[in-house]
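So you can see what is in the structure, the chains are spelled out below.
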Amino acid sequence: MPGPNNKNKYVVLVIDSPGPEVNQLVKNLAETNLEVVHIEDGQKACEFCEANRPHVIITELDLPVISGVQLFRFLKNNFITSQIPIIVTTKEPKLEDRIKSMEMGIDDYIEKPYFPEEVVVRVHSLLNETRNTEKSRWIINHGFKGDLEEMNVLDLIKTMELSRTSGIIYLTRGYMEGQIFVNNGSIIDAFIDGFEPEQALTHMLTWLKGTFWVSIQQIERTRMINENNSKILSKGTRLIQQWKDLARLLPPLNTSLKAITPAKDEQISHPEKQMLDRYYEPKTIMQGIEESKMDNLHALELVRSLLQKGLLIKGAAPHQVKDPFAQIVFDHAQKKESGESTYNQITSYFKRDQDPGGLPQPVAERNNQAGDPHNNPSPHVQKIPYRVFLSKQELKRVREFFSKK
Amino acid sequence: MFELMQNTEKKIGEILVIGSSNSSHDSFLYSTCPRVMKSDQDIIFGELKIEPELSLFLYGVSSNGAYNKIAWDIIARKMLGYIIVFDWFDEASCDIAQKNIDFLGHRFEAPLIIAADIKEKPLPIKKTIVDPYISFSGKEKFTFCNSKSVASIKSVFASLIDVAINYAN
């Protein structure tokens, strides 16, 4: 884990006035391969914690500038520092301060005078606990972000529920943005512009592509969603399955569609008409769904219905450059710095797991089979292995030949 | 056309260039080989002499019709690899390329270069992404090419040879 100066050492912050006891503690801690920072006043300590996030804090209750209790309050209310273990040291503690500190969640309490060796042991004990849940603690403390293809909304909700975390899940998919508000692991509200909270949540549960950012923080918001997490997760699982089942019946969602004007006497429903309107300017299935702002599943059903009726057809409009998957490629090339997503798009286009079927067989195989030379290739055909009959040196000379101008 | 294969001491590598009927795979041979012959089965053939004792035999075949006339087993066992060329801006050409890849990929383990011909138009995506190619796997690469440019065509061949080098002794 990183430290301010030495990335391989845990950082311990000691907040106390200088003195022989503190100096000895600092020395003892440093001898156990810890990076120790000693700050005298609470205000500077707050600034240091926010900027550097030490792994453990050892602090005196009675501090100059701001008190120990004020320091705790600052640290516990700040999502960057709220999970840092704190050891309090003080002589003759007032009961009310002691109670307040315990209520605010300090991890250990040591009365002065103390044995520095004892403090060192307690620090390492806390660090061991931290190490065991290091990854989840880091994630919980800092918030995290990623791709919905790697971790979907249901996974995010489960993670926050398990850790009883509060925060906001920010989601982006195409043109749409939404937020899910979580308080102590329980979903209390959801927001997408133009949607009721429960509709917004249902919508976001099926976002399988896009990005997320989880911000860990205290939430002060009225509960607008009354379903418990268990029901929400159940619903989400069902919706995702329905989406996948429906998507399988359609062309790939990056297929470009265009609308055909229905005949005057052709009856289509109002939602179908709304969906059809999206495709008079050709776009991919997914783009049309996103722009519609309808419930995803409902929108996909409408696309299916329109395709069946022949009111949506594949292909670019005549005025467009005939570039089958350029839009996918352009979008990803613009959004992503690495070529990986573009590679994925091109790969998925070319490396579909389809039976080639219907293609003429090689002569040798056809000669071994009776009947129609355009039979599908035998499923038992062995791949012809690859063997290079030229040596590496010879190939390098060939390579050189092609490199010449 | 196979009468050219007379000197058995010569080292020969074979490369197959496959395209749809309206793709520019012919130019892969015509721009690199001094002499190109066309068989009565719509297969073109050219010999590229690298050195006196080292040559490449290039076969050009359109997948429309000539597909089932080629002796795949004979060529495939000795070929260094194959190049599938298609017109990036033509949907039908893309579909044919896809079918070619599916078909050939099921049969051969040889390296494959998928070359999307953009002719002289600007590159559709950032050069850094396809420089020199996008790798699907150790043996399959995707790149753009300009069938009107000899340098571009040579670069596609060079990409194929690069892959073959990894498998040579």
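Look up a bit, the structure's there.
Residues numbered from 1 in each chain as written. Chains lettered and ligands numbered in written order. Predicted model: local features only at pLDDT ≥ 70, side-chain atom pairs only at ≥ 80, totals over all residues. Heavy atoms only, no water.

Caption draft 1: Local environment of the sheet that holds strand β1 (residues 10-15) of chain A. All names here are of chain A. Reading across the sheet, the five strands line up as β2-β1-β3-β4-β5 and stay open at both edges, with parallel pairing between neighbours. Two strands close off the open sheet at either side, each with one partner strand: β2 (34-39) and β5 (108-111). Put simply, the sheet's adjacent strands are angled 20 degrees from each other on average, direction ignored. Taken together, the four bridges between strand β3 (residues 56-60) and strand β4 (residues 86-90) define a ladder with parallel strand orientation. Counterpart to I58 in the pairing with β4 is I87. The sheet contacts of helix α1 (residues 20-31) involve β1, β2 and β3, and relative to β2 the element is tilted by about 160 degrees. (Pairing = 2+ DSSP bridges. Helix = DSSP H or I, 4+ residues; strand = E, 2+ residues; numbered from the N terminus. Axes fitted to C-alpha atoms, helices over the stretch in contact; angles between N-to-C directions. Contact = heavy atoms within 4.5 Å.)

Caption draft 2: Quick look at the nonpolar core. Residues I15, F28, Y82 and I83 of chain B are the most contacted members of the largest nonpolar core, which totals 60 residues. When residues in this core are grouped by element, the largest group, eight residues, is from helix α4 (residues 150-167) of chain B. Dropping the residues within four chain positions of it, Y82 of chain B is found in contact with L16, I18, L104, G105, F108, A110, P111, L112, I113 and L160 of chain B. L148, W207, F212 and I232 of chain A belong to the second-largest nonpolar core, a separate cluster that totals 28 residues. (Core = buried A, V, L, I, M, F, W, Y, C linked by side-chain atoms within 4.5 Å. Buried < 20%, exposed > 50% of the residue type's maximum accessible area, 1.4 Å probe, protein only.)

Caption draft 3: Region of interest: the pairing of strand β3 (residues 43-51) of chain B. Residues and elements named next belong to chain B. Of all nine residues in β3, seven are buried; the element is thus mostly enclosed. Relative to β3, strand β2 (residues 36-38) runs antiparallel, the two sharing three bridges. Within β3, the residue paired with M37 across the bridge is F45. Bridging between β3 and strand β4 (residues 54-62) involves eight bridges; their strand directions are antiparallel.

Caption draft 4: Local environment of the pattern of salt bridges. Taken as a whole, this structure holds 14 salt bridges over all chains when the rule is applied. With its nearest N and O atoms 3.0 Å apart, the salt bridge here joins R248 of chain A to D245 of chain A. Classification of R248 of chain A as exposed rests on a relative accessible area of 60%. One salt bridge in this structure joins E394 of chain A and K11 of chain B, with 3.1 Å as the shortest N-O distance. Of the two residues, E394 of chain A sits in helix α16 (residues 392-403) while K11 of chain B sits in strand β1 (residues 11-19), which places them in two different chains. E394 of chain A sits in the buried class, given a relative accessible area of 11%. Here the salt bridges do not stand alone but share partners, grouping D16, E60 and K112 of chain A into one network. (Salt bridge = Lys/Arg side-chain N within 4 Å of Asp/Glu carboxyl O.)

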